[in-house]
Amino acid sequence: MSLEAVRPVTSLNEPLHEDADGETRFDALPAPVKDDAWTDRILLKELIGELKPRDRTIIVLRYFSDCTQTQVAQKLGISQVQVSRLESRILRQLRQRLLPAE
């Protein structure tokens, strides 16, 4: 913390790098997160946590580890077609839980 305190102050209006074409440090800041994004993440985590272990594994591998259906199938010892069907069913169930019929 003390090392951080003695660093020189850098303006957000400074160029990002020498050939930045007018791009400043401010332009490189991440976009603000919408206010309810954290509640969405909590809800999604809870819903995924309630899935059966195999269903949870499929969703985690597909959407958080960026595995293809074929890669998931190989890891689980099932066919790619089965992964496709299971994934569709799981996503449908998650949607129903998120958006119950009115």
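Quick caveat, the model's predicted, so the values are computed rather than measured.

What counts and what doesn't
- Residues numbered from 1 in each chain as written.
- Predicted model: local features only at pLDDT ≥ 70, side-chain atom pairs only at ≥ 80, totals over all residues.
- Heavy atoms only, no water.
- Salt bridge = Lys/Arg side-chain N within 4 Å of Asp/Glu carboxyl O.
- Helix = DSSP H or I, 4+ residues; strand = E, 2+ residues; numbered from the N terminus.
- Axes fitted to C-alpha atoms, helices over the stretch in contact; angles between N-to-C directions.
- Parallel < 35°, antiparallel > 145°, perpendicular 65-115°, else oblique.
- Contact = heavy atoms within 4.5 Å.
- Nonpolar A, V, L, I, M, F, W, Y, C, P; charged D, E, K, R; others polar.
- Polar contact = N/O pair within 3.5 Å; in protein donor to acceptor, adjacent residues only side chain to side chain.
- pLDDT = per-residue confidence, 0-100.
- Buried < 20%, exposed > 50% of the residue type's maximum accessible area, 1.4 Å probe, protein only.

**Student:** When you look at the pattern of salt bridges in this model, what are you seeing that I'm missing?
**Tutor:** Inspection of the entire model under this criterion finds three salt bridges. Across the pair Arg97 and Glu50 runs a salt bridge whose closest N-O atoms are separated by 2.8 Å. Pair noted here: Arg97 is in helix α5 (residues 80–98) and Glu50 is in the loop between α2 (37–49) and α3 (53–63), with a separation of 47 residues, a long-range link. In this structure, Arg89 and Asp55 form a salt bridge, with 3.1 Å as the shortest nitrogen-oxygen distance. Pair noted here: Arg89 is in helix α5 and Asp55 is in helix α3, with a separation of 34 residues, a long-range link.

**Student:** Please explain the packing of helix α4 (residues 69–76) against α5 as it appears in this structure.
**Tutor:** Taken N-terminus to C-terminus, the directions of α4 and α5 make an angle of 105 degrees; their axes are 8 Å apart at the nearest point. With respect to each other, α4 and α5 are oriented roughly perpendicular. From α4, Gln69, Thr70, Val72 and Ala73 reach across to α5, where they touch Gln80, Val83, Ser84 and Glu87. In terms of residue class, the contact of α4 with α5 is built from three nonpolar, four polar and one charged.

**Student:** Honestly, the side chain of Gln69 in this entry has me stumped. Any pointers?
**Tutor:** Mapped onto the secondary structure, Gln69 falls in helix α4. Separated by 2.5 Å, the side chains of Gln69 and Gln80 make a polar contact. With near-sequence residues (within four places) excluded, Gln69 lies in contact with Arg62, Gln80, Val83, Ser84 and Glu87.

**Student:** Which parts of the structure should I look at to understand the environment of Glu23?
**Tutor:** Tracing the backbone through its elements, the reader meets Glu23 in the loop between α1 (2–5) and α2. Note: C-alpha distance between Glu23 and Leu98 (75 residues apart in sequence) is 40 Å. Excluding residues within four positions of it along the chain, Glu23 makes contact with Glu14, Pro15 and Leu16.

**Student:** Please explain the confidence of the model for the protein chain as it appears in this structure.
**Tutor:** Residue-level pLDDT values for the protein chain average 85, and 90% of them are 70 or greater. Summarising per-element confidence for the protein chain, the mean pLDDT is lowest in α1 (72) and highest in α4 (96).

**Student:** What exactly am I supposed to notice about unusual backbone geometry here?
**Tutor:** Backbone geometry follows two general trends: most residues other than glycine have a negative phi, and most peptide bonds adopt the trans configuration. Look at Asp66: it is not a glycine, yet its phi comes out positive at around 55 degrees. Since its relative accessible area comes to 65%, Asp66 is described here as exposed.

**Student:** Hey, could you run me through α3 in this one?
**Tutor:** Since the α-helix turns once every 3.6 residues, residues separated by three or four places project in the same direction. Residues of α3 that are buried include every one of Asp55, Ile58, Ile59 and Leu61, and no others. Buried residues along α3 sit against α2, α4 and α5.

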